[in-house]
Amino acid sequence: MSPTASRWLKIVAAALTVWYLSVVFIWALRPLHDAIPIGLDPRTNAPVSKTVECNTLFESGAHDKPLPDLKLTAPVRDTLAKDHKNYVVSDPALLKKYPQLAGWTGYVYNRTGCITVHNQARIVFALDTLGYLVAMGAVGAVAVRLRRTPAPPPIKPLMATASA
């Protein structure tokens, strides 16, 4: 194997290792985040979500703590009255201005938090690991093949040159 090929294989192997270690230490060891839909804004009918911090990729459960309480934004909270932990419209003038508020009872989590994000992150990490192993296997196979390939014989000149 030529020194140039050997150097390039070492560079490729080092770059793959740096990439994989950065995936592990920059992404996989940090807590994941999930934006859970919680309903529609009663004034604009725009979707609203709540961002929740999940466990890291290597922890057994997706989320250990209870989901945070859902607090209303100040404009919505100021226009609604609290009744047994449910928010209901109390102002008839407000209902006239925002008819979509009729029957609105507040924000609720529409799904269990963190499970989907945690499962998808584990799949991505498994694919990253598989890709790293395949790429390193390819580098190893190329290195073995280059070592087994005999060097070409030196080229002999066809005619001897006469010196004058």
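For the structure, see preceding data.
Residues numbered from 1 in each chain as written. Predicted model: local features only at pLDDT ≥ 70, side-chain atom pairs only at ≥ 80, totals over all residues. Heavy atoms only, no water.

Draft legend 1. Quick peek at the overall build of the chain. In terms of regular secondary structure, the chain is built from 4 helices and 4 strands. Seen in sequence order, the chain has helices and strands lined up from the N terminus as α-β-β-α-β-β-α-α. Entry remark: accessible area of the chain is about 11,800 Å², with carbon and sulfur atoms responsible for 63%. (Helix = DSSP H or I, 4+ residues; strand = E, 2+ residues; numbered from the N terminus. Areas by Shrake-Rupley, 256 points an atom, 1.4 Å probe, with all protein chains shown as cover.)

Draft legend 2. Here's a closer look at unusual backbone geometry. One non-glycine residue, Cys 114, adopts positive backbone phi at about 75°. Take Cys 114: it is sitting in the loop between helix 3 (92-97) and helix 4 (115-148).

Draft legend 3. Structural context of the state of the cysteines. Counted according to the given criterion, the structure contains 1 disulfide. What pairs with Cys 54 in a disulfide is Cys 114, and their sulfur atoms sit 2.0 Å apart. Its torsion about the S-S bond being -80°, the disulfide of Cys 54 and Cys 114 is classed as left-handed. Placement of the pair is Cys 54 in the loop between strand 2 (47-53) and helix 2 (74-79) and Cys 114 in the loop between helix 3 and helix 4, with a sequence separation of 60 residues. Pair check on accessibility: Cys 54 and Cys 114 agree, each one buried. (Disulfide = S-S within 2.5 Å. Buried < 20%, exposed > 50% of the residue type's maximum accessible area, 1.4 Å probe, protein only.)

Draft legend 4. Quick peek at the pattern of salt bridges. As enumerated under the stated definition, the model contains 1 salt bridge in all. With its nearest N and O atoms 2.9 Å apart, the salt bridge here joins Asp 34 to Arg 111. Note that Asp 34 is positioned in strand 1 (residues 33-40) and Arg 111 in the loop between helix 3 and helix 4, a separation of 77 residues in sequence. Note on Asp 34: relative accessible area 4%, which makes it buried. Residue class for Arg 111 comes out partly exposed when judged on its relative accessible area of 32%. (Salt bridge = Lys/Arg side-chain N within 4 Å of Asp/Glu carboxyl O.)

Draft legend 5. Spatial organisation of helix 4. Taking 1.5 Å per residue, 34 residues should reach 50 Å; helix 4 reaches 49 Å between its end C-alpha atoms and fits that length. Each element contacted by the buried residues of helix 4 is listed here: helix 1 (3-28). (Expected span 1.5 Å × (residues − 1). Contact = heavy atoms within 4.5 Å.)

Draft legend 6. Region of the structure containing helix 1. Under the 1.5 Å per step criterion, the end-to-end length of helix 1 is 36 Å for 26 residues, consistent within 8% with the ideal 38 Å. Among all positions of helix 1, only Leu 9, Ala 13, Leu 16, Tyr 20, Val 23, Val 24 and Ala 28 are buried. On its buried face, helix 1 is in contact with helix 4.

Draft legend 7. Highlighting the side chain of His 118. Tracing the backbone shows His 118 in helix 4. Overall, His 118 belongs to the buried group, its relative accessible area being 2%. In this structure His 118 touches Leu 32, Asn 55, Thr 56, Leu 57, Glu 59, Ser 60, Gly 61 and Ala 62, once residues within four positions along its chain are discounted.

Draft legend 8. View of the nonpolar core. Within the largest apolar cluster, 19 residues are counted, with the highest numbers of intra-cluster contacts made by Tyr 20, Leu 57, Cys 114, Phe 125 and Val 139. Top contributing element to this core by residue count: helix 1, with 7 residues. Sequence-distant contacts of Tyr 20, defined by excluding residues within four places in its chain, comprise Phe 125, Asp 128, Thr 129 and Tyr 132. (Core = buried A, V, L, I, M, F, W, Y, C linked by side-chain atoms within 4.5 Å.)

Draft legend 9. Region of interest: a nonpolar patch on the surface. A cluster of nonpolar side chains, contributed by Leu 21, Phe 25, Ile 26, Leu 29 and Phe 58, occupies part of the molecular surface with about 500 Å² of accessible area. Note that Ile 26 resides in helix 1. By relative accessible area, Ile 26 is classed as exposed at 52%. (Patch = residues over 30% accessible without salt bridge, like charges linked within 9 Å, V, L, I, M, F, W, Y side chains within 5 Å.)

Draft legend 10. Local environment of the packing of helix 1 against helix 4. The N-to-C vectors of helix 1 and helix 4 enclose an angle of 170°; their axes lie 10 Å apart at closest approach. On the basis of their axis angle, the class for helix 1 and helix 4 is roughly antiparallel. As for how helix 1 packs across helix 4, the hand of that crossing is left-handed. Here Ala 5, Leu 9, Val 12, Ala 13, Leu 16, Thr 17, Trp 19, Tyr 20, Val 23, Val 24, Trp 27 and Ala 28 of helix 1 lie close against helix 4, whose contacting residues are Ala 121, Val 124, Phe 125, Asp 128, Thr 129, Tyr 132, Ala 135, Met 136, Val 139, Val 142, Ala 143 and Leu 146. Split into classes, the residues belonging to the contact of helix 1 with helix 4 amount to 21 nonpolar, 2 polar and 1 charged. (Axes fitted to C-alpha atoms, helices over the stretch in contact; angles between N-to-C directions. Parallel < 35°, antiparallel > 145°, perpendicular 65-115°, else oblique. Left-handed = near helix turned anticlockwise from the far one by under 90°. Nonpolar A, V, L, I, M, F, W, Y, C, P; charged D, E, K, R; others polar.)

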